[in-house]
Amino acid sequence: MMIDYLIIGAGLAGVSFAETALRKDKNILVIDGGQNSSSKVAAGLYNPVILKRFTPVWDAQNQLLVLNDFYKNLESKLDQQFDFKKPILRKFFSIEEQNNWYIASDNVDLAPFLSTRLVSLKFPGIDSPFDYGEVNATGYIEVSLLLKSFKQYLQKTNMFAEDTFDYSLLNITEEYIQYKEFKAKHIIFAEGFGMHQNPFFNDLPLDGVKGELFIIKAPQLDLEVIVNTSVFILPLGDHLFKVGATYNWNDKTSTPTQEGKEELIDRIKEILTCEFEIISHYAGVRPTVKDRKPLVGKHPDYKNMFILNGLGTRGVMLGPSMAKALFDFIEDGVPLAPEININRFRKK
């Protein structure tokens, strides 16, 4: 049987495209070898504002619109909760930061997301003399549970193959793509940082930034919201918190490091006034692009070969909308936004 889509990679990009195609009654097969994926250790935060500089995330309104529909339907389909709506509070470190927040809230692209009322709540375990600013339309996706549940669904419906992809076995014709015993109308590469091994797309400027994070236990920290400072603090319940993340542009491994551990400990101690215990230490390499936009598009020589990559640190926000954009491009000829189209690099 000829399937519609052969999808290589079962991280956020691959899962987003797979579910988008399934919702349109397409036949798919996902191939993944279980290699380390940054999606598996992702914090899962979605936030329409870059809080370091108080600037809007590109295309945030559309991303949130697609995101809410996508995860709501996926929760219903898999009978699991993945999407947890929680406000993000940006801790201010000075009066100047407060003033910059007010100025930013007048920006037409930021006004829907930045509350103009300062939050003066005092959380045990955090010193906050300059209060907080609240960001709306935020929360987090429990990424590891989502990926695990979706993989199990694919396995039960015979739409998943556990296999390390061998590019030399790919047979490309005008009418179809063949890989081993599988024939497909289209192939989607959604491999994350593994794209560097892909001979069809490895000329694209995909970089990787390693991120490390902790799960900590802090019995004295009473927090039900996400706090953003030099790190994020995400409550998980039972006095457990996810804390991160570091940014390392040189180390491309998924191994936690002593250097990353010490950096996170130092940052946490700058924020928390209470004791904490490190329960777990994770690391992953996020696939990033120099212009901070995803890599989406068609191979210049093969009409049935496509890429969905470069979601970076905002995978849970970008995944659903970028998958929709690619699907609409393939099926209906809807042009890709020039900001994400890989042709922006091919032209050069």
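Structure: see above.
Thresholds, definitions, all that
- Throughout this description, residue numbers start from 1 for each chain and increase along the sequence as written.
- Per-residue local features are limited, in this predicted model, to residues with pLDDT of at least 70; the limit for side-chain atom pairs, both in listing and counting, is 80 or more; totals at the level of whole chains, interfaces and linings are taken over all residues.
- Only hydrogens and water are set aside; all other atoms, that is, all heavy atoms of the structure, feed into the side-chain values.
- Secondary structure elements follow DSSP: runs of H or I no shorter than four residues count as helices, runs of E no shorter than two count as strands, and numbering proceeds from the N terminus.
- Under the scheme applied here, a residue whose accessible area is under 20% of the maximum for its type counts as buried, over 50% as exposed, and between as partly exposed, the area being computed with a 1.4 Å probe on protein chains only.
- Salt bridge, as used here: a side-chain nitrogen of Lys or Arg that lies within 4 Å of a carboxyl oxygen of Asp or Glu.
- Identification of polar contacts relies on pairs of N or O atoms within 3.5 Å, with a donor-acceptor requirement for protein atoms, meaning one able to donate a hydrogen and the other able to accept it, and with residues adjacent in sequence counted only if both atoms are side-chain atoms.
- Residues are treated as being in contact if the distance between any of their heavy atoms lies within 4.5 Å.
- The criterion for an aromatic pair is that two Phe, Tyr or Trp rings (for Trp, the six-membered ring) have centres within 6.5 Å, with stacked assigned to planes under 30 degrees apart, edge-to-face to planes over 60 apart and tilted to the rest.
- Definition of nonpolar core: a set of buried residues of the types Ala, Val, Leu, Ile, Met, Phe, Trp, Tyr and Cys, connected through side-chain atoms within 4.5 Å.
- Here the rule is simple: two strands pair whenever DSSP picks up at least two bridges between them.
- All axes are obtained by fitting lines to C-alpha atoms, using only the stretch in contact for helices, and the reported angles, taken between N-to-C directions, cover 0 to 180 degrees.

### A look at the environment of Asp238
Turning to its location among the elements, Asp238 is positioned in the loop between strand 16 (232-237) and strand 17 (240-244). You can call Asp238 exposed: its relative accessible area is 67%. Between the C-alpha atoms of Asp238 and His196, which are 42 residues apart in sequence, the distance is 40 Å.

### Side note on the pattern of salt bridges
By the definition in use, this model includes 15 salt bridges. Of the charged contacts in the structure, one is a salt bridge between Glu162 and Lys151, with a shortest N-O distance of 3.1 Å. Highlighted residues: Glu162 in strand 10 (residues 160-162) and Lys151 in helix 4 (residues 143-156), separated in sequence by 11 residues. Glu162 sits in the partly exposed class, given a relative accessible area of 49%. Among the salt bridges present, the one from Asp251 reaches Lys210, with a minimum N-O distance of 2.7 Å.

### Describing the side chain of His299
Position of His299 among the secondary structure elements: in the loop between strand 19 (295-298) and strand 20 (305-309). The class of His299 is buried, set by a relative accessible area of 6%. Only 3.0 Å separates the side chain of His299 from the backbone nitrogen of Asp301, close enough to count as a polar contact. Excluding anything up to four places from it in sequence, His299 contacts Phe200, Phe201 and Met305.

### Re unusual backbone geometry
At the junction of Gly244 and Ala245, the peptide bond is cis and its omega measures out at 0° in the coordinates. Structurally, Ala245 can be placed in the loop between strand 17 and helix 5 (258-271). Phi is positive for Ala137, which is not a glycine, with a value near 60°. Inspection of the secondary structure assignment puts Ala137 in the loop between strand 8 (132-135) and strand 9 (139-141). Positive phi outside glycine occurs at Arg292, with the angle close to 65°. Look at Arg292 and you get exposed, because its relative accessible area is 66%.

### Comments concerning the packing of aromatic side chains
The tally for this structure, following the rule as stated, stands at 17 aromatic pairs. The interplanar angle of 20° and the centroid separation of 4.2 Å between the aromatic rings of Phe165 and Tyr179 together place this pair among those described as stacked. Of this pair, Phe165 sits in the loop between strand 10 and strand 11 (170-172) while Tyr179 sits in strand 12 (residues 177-179); the two residues are 14 residues apart in sequence, bridging distant segments of the chain. Comparing Phe165 with Tyr179, the two get one shared label, buried. Between Phe200 and Tyr302, the aromatic rings sit 6.0 Å apart at their centres with planes inclined by 85°, giving edge-to-face as the arrangement. A residue pair is termed long-range when its members are at least 10 positions apart, and Phe200 in the loop between strand 13 (182-189) and strand 14 (206-217) and Tyr302 in the loop between strand 19 and strand 20 qualify at 102 residues. Here Phe200 falls in the buried class, since its relative accessible area comes to 15%. Tyr302 sits in the partly exposed class, given a relative accessible area of 29%. One aromatic cluster is present, formed by Phe165, Tyr167, Tyr179, Phe189, Phe200, Phe201 and Tyr302 through successive ring pairs.

### Overview of the nonpolar core
Ranked by size, the top nonpolar core spans 64 residues in total, and within it Tyr5, Phe17, Ile28, Ile188 and Leu308 carry the most contacts. By residue number, the principal contributor to this core is helix 6 (residues 315-332), which donates eight residues. Of all hydrophobic cores here, the second largest spans 25 residues; its members include Leu6, Leu170, Ile177 and Phe345.

### Remarks on the sheet that holds strand 9
What the three strands build is an open sheet, ordered 3-9-6; its pairing is antiparallel. The outermost strands of the open sheet, each flanked by one partner alone, are strand 3 (45-46) and strand 6 (83-85). Bridge count between strand 6 and strand 9: three bridges; the pairing is antiparallel. In the strand pairing of strand 9, Lys85 is matched with Gly139. On the sheet, helix 2 (residues 60-78) packs against strand 3, strand 6 and strand 9 and is oriented at approximately 125° with respect to strand 6.

Everything listed here is a matter of geometry and, on its own, says nothing about what the molecule does.
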